Amino acid sequence: LKKYWEPLYFSSFVLTWLIYFSWYKSKFQPAGDAELAYVFLAIFFVIFYMTFLAYKVSKKQQFNLPDILLLLSNSFVFFGIGYSILKSQPEGKAWLGLFAVANALIHLVVCIVITMRKLADKNLFHFVQGLVVVFVTIAIPVQLDGNWITFFWAVEALMLFWIGRTKNSLPYEIL
């Protein structure tokens, strides 16, 4: 919280996920390691997500391209490996859409906390809000098929357009 050790943060981020991914690819056994894999996956995700947010929010700093890439990669590494672990389980395929929605809810909670406490600038709020939209969008084809995908994407597009119009936000109208 006192100092942003950027080289240490970036190197620990890359090395932690690299070690985890190499363990996952070489030693992971779906029958016995799923719970342990999820525990460490969640711990690493939360550590890097909160570390990034804690410093940027406490110092009220703008975030830049490396920060955006770091948050995106942390979120998508968590989702990708979590999705793979869940898919490897016998009944896991039925829960893939819920996992994507749970990811969206994690980012929604962060978004609400940022908004209610006025912790950061609007750009961080919109970025985290965008992650919510991305994971809801991913959940639709993961869980549904056929015409339901088109229907729910149309509903989502209508909602985004409506939010854009009512809040005077051109990016949401374009989405």
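Residues numbered from 1 in each chain as written. Predicted model: local features only at pLDDT ≥ 70, side-chain atom pairs only at ≥ 80, totals over all residues. Heavy atoms only, no water.

Describing the nonpolar core
With 38 residues, the main nonpolar core has Ile 85 and Leu 124 as its most contacted residues. Contributing elements (two or more residues each) for this core: helix 1 (6–27), helix 2 (30–58), helix 3 (65–88), helix 4 (96–116) and helix 5 (122–143). It is helix 2 that contributes the most residues to this core, 9 residues altogether. Apart from residues no more than four positions distant in its own chain, Leu 124 is found in contact with Phe 52, Leu 53, Val 57, Phe 63, Leu 71 and Ile 114. (Core = buried A, V, L, I, M, F, W, Y, C linked by side-chain atoms within 4.5 Å. Buried < 20%, exposed > 50% of the residue type's maximum accessible area, 1.4 Å probe, protein only. Helix = DSSP H or I, 4+ residues; strand = E, 2+ residues; numbered from the N terminus. Contact = heavy atoms within 4.5 Å.)

Quick look at the environment of Phe 76
Within the secondary structure, Phe 76 is located in helix 3. Using a relative accessible area of 34% as the deciding quantity, one classes Phe 76 as partly exposed. When sequence neighbours within four positions are dropped, the list of residues in contact with Phe 76 reads Val 134, Phe 135 and Ile 138.

Quick notes on a nonpolar patch on the surface
The grouping of Trp 95, Leu 98, Val 101, Leu 105, Leu 108, Ile 112 and Met 116 at the surface amounts to a nonpolar patch, some 680 Å² of accessible area in total. Among the structural elements, Val 101 can be located in helix 4. (Patch = residues over 30% accessible without salt bridge, like charges linked within 9 Å, V, L, I, M, F, W, Y side chains within 5 Å. Areas by Shrake-Rupley, 256 points an atom, 1.4 Å probe, with all protein chains shown as cover. Salt bridge = Lys/Arg side-chain N within 4 Å of Asp/Glu carboxyl O.)

Brief notes about the packing of aromatic side chains
This model, assessed by the stated rule, comprises 21 aromatic pairs. Measuring from centroid to centroid gives 4.8 Å for Tyr 24 and Phe 28, while their planes differ by 40 degrees, and the two rings are tilted. Both residues of the pair, Tyr 24 and Phe 28, count as buried. Through successive ring pairs, a cluster of aromatic residues spans Tyr 38, Phe 45, Tyr 49, Phe 76, Phe 78, Phe 79, Tyr 83, Phe 99 and Phe 135. (Phe/Tyr/Trp six-rings, centres within 6.5 Å; stacked < 30°, edge-to-face > 60°.)

Focus: the environment of Gly 97
Structurally, Gly 97 can be placed in helix 4. Considered as a pair, Gly 97 and Ile 140 are 43 residues apart in the sequence and their alpha carbons are 6.9 Å apart. Non-local contacts of Gly 97, meaning those with residues more than four positions away in its chain, are made with Ala 139, Val 142 and Gln 143.

Quick look at the confidence of the model for the chain
When pLDDT is averaged along the chain, the result is 85, and 97% of the positions lie at 70 or above. Here helix 7 (residues 170–174) is the element of the chain with the lowest mean pLDDT, 73, and helix 1 is the one with the highest, 92. (pLDDT = per-residue confidence, 0-100.)

What to know about the packing of helix 4 against helix 5
At a closest axis distance of 8 Å, the pairing of helix 4 and helix 5 adopts a crossing angle of 165 degrees. Regarding the angle of helix 4 to helix 5, the classification is roughly antiparallel. Crossing hand, helix 4 versus helix 5: left-handed. Each residue belonging to the contact of helix 4 with helix 5 can be placed in one class, and the counts come to 19 nonpolar, 6 polar and no charged. (Axes fitted to C-alpha atoms, helices over the stretch in contact; angles between N-to-C directions. Parallel < 35°, antiparallel > 145°, perpendicular 65-115°, else oblique. Left-handed = near helix turned anticlockwise from the far one by under 90°. Nonpolar A, V, L, I, M, F, W, Y, C, P; charged D, E, K, R; others polar.)

A short note on the layout of surface pockets
Volume-wise, the largest pocket comes out at about 500 Å³. Along the walls of the largest pocket sit 22 residues, with Gln 129, Val 133, Leu 160, Ile 163 and Tyr 172 positioned nearest its centre. Elements with a minimum of two residues in the lining of the largest pocket: helix 4, helix 5 and helix 6 (147–166). No other element matches the 8 residues that helix 6 contributes to the lining of the largest pocket. In terms of residue class, the lining of the largest pocket is built from 15 nonpolar, 5 polar and 2 charged. (1 Å grid on protein atoms, 1.4 Å probe; cavity = no way out; pocket = protein on both sides within 12 Å on 5 of 7 lines; lining within 4 Å. Points joined across faces, edges and corners; volume = space filled by probe spheres on them.)

Some remarks on empty space enclosed by the protein
Under the defined criterion, the tally for this structure stands at 1 cavity of 30 Å³ or more. The volume enclosed by the largest cavity comes to roughly 30 Å³. As for the largest cavity, its lining consists of Tyr 9, Phe 48, Tyr 49, Phe 52, Leu 70, Leu 71 and Asn 74. Of all the secondary-structure elements, those providing two or more residues to the lining of the largest cavity are helix 2 and helix 3. Here the lining of the largest cavity is composed, by residue class, of 6 nonpolar, 1 polar and no charged.

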